[in-house]
Amino acid sequence: MTDLDTFITGLPKAELHLHIEGSLEPELMFALAQRNGVALAYDSVEAVRAAYAFSNLQDFLDIYYAGAAVLQTAADFHDLAMAYFDRAAADGVVHAELMFDPQTHTARGIPFSEVIEGLLSAMAEAEARHGLTSCLIMSFLRHLSEADAFATLAEAGPWLHRITAVGLDSSELGHPPEKFAGVFAAARAAGLKLVAHAGEEGPPAYVTGALDTLQVDRIDHGNRALEDTALVERLAASGITLTVCPLSNLKLCVVDTLADHPIDRMLALGLKATINSDDPAYFGGYVADNYRAVAAARGLSRADLARLARNSLTGSFLPPEAIAAHCARLDAFVLAE
Ligand code: ADE
Ligand code: ZN
């Protein structure tokens, strides 16, 4: 039998909750700052990493939006995404659904076309280089207005056929899902899938709002749904996927220690939980690091880990044939162990 590390990286898996801007490693941040003549608030890579001590989501978001200022051209977005894809492929990721935050860039005068063309060219290269497929989730910043989200949806018009879903991220508290009912309805009418961060810091009612008002296909995070038994039963019965991010939860103080992480409780309650990295450059690990960390902290079995990987494949927006092929490979891998 292989060791647990090899087992984890060998599991064919999908990553469903990854903000591409959150994969900006300090080394690349410095390289892009130099390339684009952008001044950084830090004088070394070590100083940047030292600043990554957060006590809540907003602490992190302030630093994350500042870091994104080095991203200016399609080449920058390409390089950012390729660095992520190379690491994801090494972690056994066979399919990645990348969130990107256009408003973070268009608000700085970066054209939407630069952002998406850079990402799309990297996605094609990742498929050629690694056989890793991917798709895009265009996320609206919930601290901005719904009108701004509508303007972003309109700006995405020429690329809508290249975008699989819309999402909702940024500061959760005080910005309930209902604020975005109209733009989510418009995205649904345009044939897009829908996801939303809910229950990371926000109350269980935000998860209910994402389900009832936004009619999402997946919940990003969902941790605080556990506070509401009826909601847990509803989530379990519907089979909706939760994209859980253990190292993110630790770094943003959603849990005090990984030993308190509810990932195995979620599985035991019948929730379709998956493991993801969220913003790996900021939270101390990519997707396999997240599997390893909770496996160690919560004593997950190989069967639990395989279940989580299977959930990621079946919870993806891939066509059913591709999901079936990946699941068959997963089953063969587990059987051979
Ligand atoms: N944007 C990037 N990461 C996020 C997170 N964990 N929650 C909300 N918005 C985000
Ligand atoms: Zn997130």
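Higher on the page you've got the structure.
Every residue gets a number counted from 1 within its own chain, in the order that chain's sequence is written. To read the labels, note that chains go from A and ligands from 1, taken in the order they are written. The predicted origin of the model limits local features to residues at a pLDDT of at least 70 and limits the giving and counting of side-chain atom pairs to 80 or more, whereas totals for whole chains, interfaces and linings rest on all residues. Values reported for side chains reflect all heavy atoms of the structure, with hydrogen atoms and water molecules removed beforehand.

Visitor: Give a detailed account of unusual backbone geometry, specifying residues and quantitative values.
Guide: Here the phi dihedral of Cys253 falls at roughly 60°; this positive angle occurs in a residue that is not glycine. Summarising the element assignment, Cys253 is placed in the loop between α12 (246-251) and α13 (263-268). Residues other than glycine seldom take positive phi values, yet Asp278 does so here, at roughly 65°. Only DSSP runs of H or I with at least four residues qualify as helices, and only runs of E with at least two residues qualify as strands; both kinds are numbered from the N terminus onward.

Visitor: Report on the site of ligand 1, specifying residues and quantitative values.
Guide: Proximity criterion: a residue is near a molecule or strand once any of its heavy atoms comes within 4 Å of it. Residues in contact with ligand 1, as listed here, are His19, Leu57, Phe60, Leu61, Tyr64, Asp169, Ser170, His197, Glu200, His221, Asp278 and Asp279. Pairs of N or O atoms within 3.5 Å make up the polar contacts considered here, provided that, within protein, one atom can donate a hydrogen while the other can accept it, and that residues adjacent in sequence are counted only when both atoms are side-chain atoms. Glu200 places a polar side-chain atom, nitrogen or oxygen, 2.7 Å from a nitrogen atom of ligand 1. In this structure, a nitrogen atom belonging to ligand 1 sits 2.7 Å away from a side-chain N or O atom of Asp278. Accessible areas in this description were obtained via Shrake-Rupley with a 1.4 Å probe; residue shielding takes into account the shown protein chains only. Isolated, ligand 1 exposes 260 Å² of accessible area, and the fraction of that covered by the protein chains is 100%. Note on definitions: the grid is 1 Å and covers protein atoms alone; a cavity is a set of points where a 1.4 Å probe fits but cannot get out; a pocket is an open set with protein on both sides within 12 Å along at least five of seven lines; lining residues have an atom within 4 Å of a point. Each molecule is checked against the cavity or pocket grid, and it sits inside if more than half of its atoms lie within 2 Å of the grid points. Placement of ligand 1 is best described as lying within the largest cavity. For the shell around ligand 1, the leading source of residues is helix α4 (residues 57-67), giving 4 residues. When residues are grouped by polarity, Ala, Val, Leu, Ile, Met, Phe, Trp, Tyr, Cys and Pro land in nonpolar, Asp, Glu, Lys and Arg in charged, and all others, Gly among them, in polar. Among the residues forming the shell around ligand 1, the class breakdown is 4 nonpolar, 4 polar and 4 charged.

Visitor: Break down the pairing of strand β6 (residues 218-221) for me, with residues and values.
Guide: Side chains on a regular strand alternate between the two faces of the sheet. Bridge count for strand β5 (residues 193-198) against β6 is 4 bridges, and the pairing is parallel. Looking at the pairing, Ala198 lines up with His221 of β6. Taken together, β5, helix α10 (residues 204-214) and β6 constitute a β-α-β crossover, and its handedness is right-handed. Read from β6 through helix α11 (residues 229-238) to strand β7 (residues 241-244), the crossover connection turns out right-handed. Whether two strands pair depends on DSSP finding at least two bridges between them. The definition of a right-handed crossover adopted here requires that, viewed with the strands pointing away, the path from the first strand over the helix to the second runs clockwise.

Visitor: Tell me about the coordination of the zinc ion (ligand 2), residues and numbers included.
Guide: As a benchmark, a tetrahedral metal site with four donors has ideal angles of 109.5 degrees, while an octahedral site with six donors has ideal angles of 90 or 180 degrees. His17 (NE2), His19 (NE2), His197 (NE2) and Asp278 (OD) make up the full set of protein donors to the zinc ion (ligand 2), lying at 2.0 to 2.2 Å. A 2.8 Å cut-off from the metal defines N, O and S donors, relaxed to 3.2 Å for Na, K and Ca; water is not in the atom list, so some sites may appear incomplete. By the criteria applied here, four donors are tetrahedral when all angles lie between 85 and 135 degrees, four are square planar and six octahedral when opposite donors are over 155 degrees apart and every other angle lies between 65 and 115, and any other arrangement is irregular. In this structure, the zinc ion (ligand 2) is surrounded by 4 donor atoms whose angles at the metal cover 82 to 172°, and the resulting shape is irregular. Mapped onto the sequence, the donors of the zinc ion (ligand 2) take the spacing H-x1-H-x177-H-x80-D. Within this pair, whereas His197 is found in strand β5, its partner Asp278 is found in the loop between β8 (272-275) and α14 (280-283), the two being separated by 81 residues in sequence. Relative accessibility under 20% of the residue-type maximum defines a buried residue, over 50% an exposed one, and the middle range a partly exposed one, all with a 1.4 Å probe and only protein chains included. Accessibility expressed as a relative area gives 4% for His197, which makes it buried.

Visitor: If you had to explain the sheet that holds strand β3 (residues 133-141) to someone new, which residues and values would you point to?
Guide: The parallel open sheet is built from 8 strands, whose spatial order is β1-β2-β3-β4-β5-β6-β7-β8. At either end of the open sheet lies a strand with only one pairing partner, and these are β1 (13-19) and β8. Neighbour to neighbour, the strand axes of the sheet diverge by 25° on average, direction disregarded. Of the pairings in the sheet, the one linking β1 to strand β2 (residues 93-100) comprises 5 bridges and is parallel in character. Among the inter-strand pairings, Ala14 is bridged to a residue of β2, identified as His95. Here, two residues are considered to be in contact whenever any of their heavy atoms come within 4.5 Å of each other. The axes used here are C-alpha line fits, helices contributing only the stretch in contact, and every angle between their N-to-C directions lies in the interval 0 to 180 degrees. Each of β4 (165-169), β5 and β6 touches α10; the most contacted strand, β5, lies at about 160° to it. Contacts from helix α16 (residues 302-314) reach β1, β2 and β8 within the one sheet, and its direction differs from that of β8 by about 100°.

Visitor: Quick one: what's the story with empty space enclosed by the protein, residue by residue and with numbers?
Guide: Grid points are joined across faces, edges and corners, and a volume is the space filled by probe spheres set on the points. Summed over the entire model, instances satisfying the criterion amount to 1 cavity of 30 Å³ or more. Volume-wise, the largest cavity comes out at about 90 Å³. Together, 13 residues line the largest cavity, and His19, Phe60, Leu61, Ser170 and Asp279 are the ones closest to its centre. Examining the composition of the lining of the largest cavity, we find that 5 residues originate from one element, α4, more than from any other. Taken together, the residues that form the lining of the largest cavity break down as 5 nonpolar, 3 polar and 5 charged.

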